[in-house]
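# Fold and contact review
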Amino acid sequence: MNHIFIDEPNKCCGCKNCQNICPVNAISMNEDAEGFLYPNVDANKCINCGACKKHCPLLNDMKRNTFLKEPLCVAAKTKNKDIQLKCSSGGLFGTIALETIEKGGIVVGSEMDERHKVHHTIVDNKEALSKILGSKYVYSDLDNVFIDVKKYLDDDREVLFCGVPCQIAALINFLPKSYDNLTTVEVICHGTPSQKLFDKYVDFLEKKYSAKLKGFQFRSKKAANWGTFKALAEFEILKKNTSKIVSKKINADFDPYYWSFLNSKNYRESCYSCKYANPNRNADITLGDFWGIEHIKPNMVDYNGVSTVIINTNKGLETFKMLDEKIEWDYVDYKTMQDNNGQLKAPSKRPIDRDNWYTDIERSDFFEKIKIRKNYKSYIKLFFPQKLKFKIKKIISKK
Ligand SMILES: Cc1cc2nc3c(=O)[nH]c(=O)nc-3n(C[C@H](O)[C@H](O)[C@H](O)COP(=O)(O)OP(=O)(O)OC[C@H]3O[C@@H](n4cnc5c(N)ncnc54)[C@H](O)[C@@H]3O)c2cc1C
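Residues numbered from 1 in each chain as written. Predicted model: local features only at pLDDT ≥ 70, side-chain atom pairs only at ≥ 80, totals over all residues. Heavy atoms only, no water.

### As for the overall build of the chain
So the rule is basically this: Here a helix means four or more residues in a row that DSSP labels H or I, a strand means two or more in a row labelled E, and each is numbered from the N terminus. All radius of gyration figures rest on C-alpha atoms, and the globule criterion is 2.2 Å times the number of residues raised to 0.38. To sort residues, take the accessible area from a 1.4 Å probe on protein chains only and compare it with the maximum for the residue type: under 20% means buried, over 50% means exposed, and anything in between is partly exposed. Contacts are assigned to residue pairs that have any heavy atoms within 4.5 Å of one another. Per-residue and other accessible areas were derived by the Shrake-Rupley procedure at a 1.4 Å probe size, with only the shown protein chains allowed to occlude residues. Counted as positive: Lys and Arg. Counted as negative: Asp and Glu, with His and the chain ends omitted from the count. By convention, charge coordinates are those of NZ in Lys, CZ in Arg, CG in Asp, or CD in Glu.
Per the secondary structure count, the chain includes 14 helices and 13 strands. Computed over the C-alpha atoms, the radius of gyration of the chain is 21 Å, within 12% of the 21 Å expected from 2.2 N^0.38 for a compact globule of 399 residues. Among the 399 residues that make up the chain, the fraction classed as buried is 53%. Expressed as a percentage of contacts within the chain between residues at least 6 apart in sequence, the contacts between residues at least 24 apart total 69%. Surface exposure of the chain reaches about 19500 Å², of which carbon and sulfur atoms provide 50%. Side chains of the chain give 64 positive and 50 negative charges; the mean places of these two sets differ by 6 Å.

### Thoughts on helix 4 (residues 92-102)
Most of helix 4 sits out of view: 10 of its 11 residues are buried. Those residues of helix 4 not exposed but buried are Leu92, Phe93, Gly94, Thr95, Ile96, Ala97, Leu98, Glu99, Thr100 and Ile101. Trailing helix 4 by a residue or two, Gly104 shows a phi angle of about 90°, which is positive.

### Structural notes on the site of the ligand
As a reminder, the rule being used: Throughout this document, a residue counts as near a molecule or strand when at least one of its heavy atoms sits within 4 Å of that molecule or strand. Here a polar contact is taken to be a pair of N or O atoms separated by no more than 3.5 Å, where protein atoms must pair a possible hydrogen donor with a possible acceptor and residues adjacent in sequence count only if both atoms sit in side chains. Residue classes follow a fixed rule: Ala, Val, Leu, Ile, Met, Phe, Trp, Tyr, Cys and Pro count as nonpolar, while Asp, Glu, Lys and Arg count as charged, and any other residue, Gly among them, counts as polar.
The environment of the ligand is formed by 35 residues, the closest being Ser89, Ile132, Lys136, Ile188 and His190. Interatomic distance of 2.8 Å between a backbone N/O atom of Gly134 and an oxygen atom of the ligand. Of all the secondary-structure elements, those providing two or more residues to the shell around the ligand are helix 4, strand 4 (106-112), strand 6 (159-163) and strand 11 (285-289). A total of three residues in the shell around the ligand trace back to one element, the largest contributor, which is strand 11. Residues that form the shell around the ligand fall into these classes: 13 nonpolar, 19 polar and three charged.

### Here's the deal with the domain arrangement of the chain
We apply this condition: By convention here, the domain bounds are inherited from an automatic or database domain assignment. Each of two parts loses accessible area, computed with a 1.4 Å probe, when they are put together; buried area is these two losses added.
Domain boundaries in the chain define domain 1 (9-54) and domain 2 (61-399). Here the C-alpha centre of domain 2 lies 27 Å away from the C-alpha centre of domain 1. With 18 residues of domain 1 at the contact, the number on the domain 2 side is 25 residues. Buried area between domain 1 and domain 2, summed over both chains or domains, comes out near 1700 Å², and the portion from carbon and sulfur atoms is 51%.

### What to know about the side chain of Asp302
Of note, Asp302 is situated in the loop between helix 10 (293-296) and strand 12 (307-313). Asp302 gets classed as buried once you look at its relative accessible area, which sits at 14%. Only 2.7 Å separates the side chain of Asp302 from the backbone nitrogen of Asn304, close enough to count as a polar contact.

### Looking at the packing of aromatic side chains
Our working definition: Note on ring pairs: Phe, Tyr and Trp rings are taken, using the six-membered ring of Trp, and paired if centres are within 6.5 Å. Classes follow the plane angle, with under 30 degrees stacked, over 60 edge-to-face and the rest tilted. By definition here, charges over rings are those cases where NZ of Lys or CZ of Arg is within 6 Å of the ring centre and within 35 degrees of the ring normal.
Per the counting criterion, the structure on display carries 28 aromatic pairs. Measuring from ring centre to ring centre gives 5.6 Å for Phe218 and Tyr258, while their planes differ by 90°; the resulting arrangement is edge-to-face. Highlighted residues: Phe218 in the loop between strand 8 (212-217) and strand 9 (230-239) and Tyr258 in helix 9 (residues 256-262), separated in sequence by 40 residues. Here Phe218 and Tyr258 have matching classes, each one buried. Lying over the aromatic face of Tyr38, Arg268 brings its terminal NZ or CZ to 4.5 Å of the ring centre.

Here is the structure:
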């Protein structure tokens, strides 16, 4: 047997490389009870060519010959306020994306569409850029976007691709060669829940507010300053012949989906043994939130967000230099970054109750039944918003 065979759920990250590469369309992706996709090989069609195994990111390692000897680490934030407010951390991705588009390139990133489905999409103009800014805490379906990415690369278009680390590894493993016109950006990731779970959450919200959900932003800076995890949900309220949009702020510490996400309860099984959550990154540039900035670079504190930026390759360095006047930045050493960001060291710990976390997912009251374990910090955060916390820590660190 020379085809892919998933005997344990943690051996597949759901990238669909096997399906997209199969020359005889022998592979389909099946959804399991939790809503995660896994390959299914039709033995009657399979010609045992081994392509699916050869292109699987979890079965193959990356060639690291283009990597810098030491990654270059900086704290950075964009000077473009509009972009910074739409992005989740310091707006570095948005700034690189805008530069790429202005130079005639295309950008590939994750969007949540009007049906609240999260998937990767291609953007080639400034107006459409907003839809791929910001973090979506759901697994982003890659569908067959790599096939289009390859076409653009072969046509010599500049391509910027952004995704979670396993998706970057998947893209590199999918492509037949390395391309000088490709830049990869990975976001530091602690894990992703399934689309099915998010769909159930949308039902829960619509029931709770008796209104149709029109938009959802996980890290809304309209809802709270950077660092305070609050989502902004927009609902359409229909009254007689009129409709109006009402916004609700959702506090992560008191919301069943957000709380369970931040507490690592509901990730894909492969996330708990993620082979990319370590110091050896795979993308040209790694981006994350710069937690702890108030201790490390107090003069860079910004309530609208600061990014951790790790430049891993020469291509990443070229891209970073291109940002030139567009960002503010300062050097930080790698160890300091790692100490403030667990996913630069190891994957998220699998909680004991992960085994039965999804068991009741089919129940209509699934989210109502989730018991949020609130701790004193949740309440402290209510009375000490991030802005105040930053101010206090800034004063303390100056002493
Ligand atoms: C699931 C997830 C977990 C994360 N966990 C951490 C963490 O533990 N520590 C940390 O420091 N940072 C984490 N981040 C990254 C952080 O939230 C920011 O995305 C990152 O700092 C880039 O911010 P930005 O302001 O530069 O750009 P942003 O505009 O926020 O970046 C947007 C881009 O991020 C990518 N993206 C967004 N959602 C997804 C998704 N579901 N799947 C694939 N790609 C996506 C897209 O390509 C999108 O275009 C996580 C992000 C995601 C999506």
